[in-house]
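Geometric and topological summary
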Amino acid sequence: MLNDGELDKVFKALSDATRRAMVERLVRGPVSVSGLAAPFAMSLPAIHQHLAVLEDAGIVTSHKIGRVRTVQLAPGALAGAGEWMGRQRLPAERRLDRLGDHLSSTDPTGA
């Protein structure tokens, strides 16, 4: 389970559409930085800045072989954020279930 600071970093990293798109691409497997940068209309230094945020949050890892840096998702990187969201969802779902039960038990005619 992530502590609050780590969770903040994950959500900050995922708050940007470009970084979310990078994560979506990395779900399919590792890719070189240049391959990851290809669909984006931005400079390579800007891509590296986005990757630094993702790496600082523990979402991606990278390694360099020769002149090629390859990026991949870190195993279980999004699990902590998913668990946190799940814990928030359960109480809300229970309240909605109780509301549904209440509404289905009341007489719709008001009698």
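Read on for an overview of the structure. Just so it is clear, the model here is predicted, and its values are computed rather than measured.

So, about the overall build of the protein. Assigned secondary structure in the protein consists of 5 helices and 3 strands. Counted from the first residue to the last, the protein has its helices and strands arranged as α-α-β-α-α-β-β-α. Over its C-alpha atoms the protein spans a radius of gyration of 21 Å, topping by over 25% the 13 Å that the globule rule assigns to 111 residues. Its C-alpha atoms give the protein principal-axis dimensions of roughly 75 × 30 × 20 Å. Relative to its 111 residues, the protein shows a buried fraction of 26%. Within the structure as shown, the protein displays about 7,500 Å² of accessible surface, and the carbon and sulfur contribution to it stands at 56%. Counting 14 positive and 12 negative side-chain charges, the protein places the averaged centre of each group 10 Å from the other.

Relative to strand 3 (residues 68-73), strand 1 (residues 31-32) is paired through 2 bridges, and the arrangement is antiparallel. Across the sheet, residue serine 32 finds its bridge partner in strand 3, namely threonine 70. Where strand 2 (residues 60-65) lies against strand 3, 6 bridges are found, and the strand directions are antiparallel. When the sheet's bridge partners are listed, histidine 63 is paired in strand 3 with threonine 70.

So, on to helix 1 (residues 4-14). Along helix 1, the positions that sit buried rather than exposed are Leu7, Val10 and Ala13. Each buried residue of helix 1 lies within a common arc of 125° when the element is viewed along its axis, so the set occupies one face. Facing away from the buried side of helix 1, by more than 90 degrees, are the exposed residues Asp4, Asp8 and Lys12. The backbone nitrogen of glycine 5 lies 2.9 Å from a side-chain oxygen of the residue at the head of helix 1, namely asparagine 3.

Before going further, it helps to examine the sheet that holds strand 3. Strand order in the open sheet formed by 3 strands is 1-3-2, and the pairing between neighbours is antiparallel. Of all strands in the sheet, those bounded by a partner on one side alone are strand 1 and strand 2. Against the sheet, helix 4 (residues 44-56) touches strand 2 and strand 3, its axis set at about 120° to strand 2.

Turning next to the nonpolar core. The biggest cluster of nonpolar side chains holds 21 residues, and the ones touching the most others in it are Met22, Ile47, Leu51, Leu54 and Ile59. Beyond its immediate chain neighbours, meaning those up to four positions away, leucine 51 contacts Met22, Val33, Leu36, Val60 and Val71.

This next bit is on a nonpolar patch on the surface. Together, Phe11, Trp84 and Met85 give the surface a local cluster of nonpolar side chains, amounting to about 270 Å² of exposed area. Along the polypeptide, phenylalanine 11 turns up in helix 1. Overall, phenylalanine 11 belongs to the partly exposed group, its relative accessible area being 31%.

Within the secondary structure, arginine 19 is located in helix 2 (residues 17-26). Notably, arginine 19 is buried but unbridged: the nearest opposite-charge side chain belongs to aspartate 16, and the N-O separation is 4.4 Å. Within polar-contact distance, the side chain of arginine 19 engages the side chain of histidine 50 at 3.1 Å. Leaving out residues up to four positions away in the same chain, arginine 19 has contacts with Lys12, Ala13, His50, Val53 and Leu54.

The rules behind the values
- Residues numbered from 1 in each chain as written.
- Predicted model: local features only at pLDDT ≥ 70, side-chain atom pairs only at ≥ 80, totals over all residues.
- Heavy atoms only, no water.
- Helix = DSSP H or I, 4+ residues; strand = E, 2+ residues; numbered from the N terminus.
- Rg over C-alpha atoms; globule rule 2.2 N^0.38 Å.
- Buried < 20%, exposed > 50% of the residue type's maximum accessible area, 1.4 Å probe, protein only.
- Areas by Shrake-Rupley, 256 points an atom, 1.4 Å probe, with all protein chains shown as cover.
- Lys, Arg positive; Asp, Glu negative; His and termini not counted.
- Charge placed at Lys NZ, Arg CZ, Asp CG, Glu CD.
- Pairing = 2+ DSSP bridges.
- Arc of directions from axis to C-beta.
- Polar contact = N/O pair within 3.5 Å; in protein donor to acceptor, adjacent residues only side chain to side chain.
- Contact = heavy atoms within 4.5 Å.
- Axes fitted to C-alpha atoms, helices over the stretch in contact; angles between N-to-C directions.
- Core = buried A, V, L, I, M, F, W, Y, C linked by side-chain atoms within 4.5 Å.
- Patch = residues over 30% accessible without salt bridge, like charges linked within 9 Å, V, L, I, M, F, W, Y side chains within 5 Å.
- Salt bridge = Lys/Arg side-chain N within 4 Å of Asp/Glu carboxyl O.

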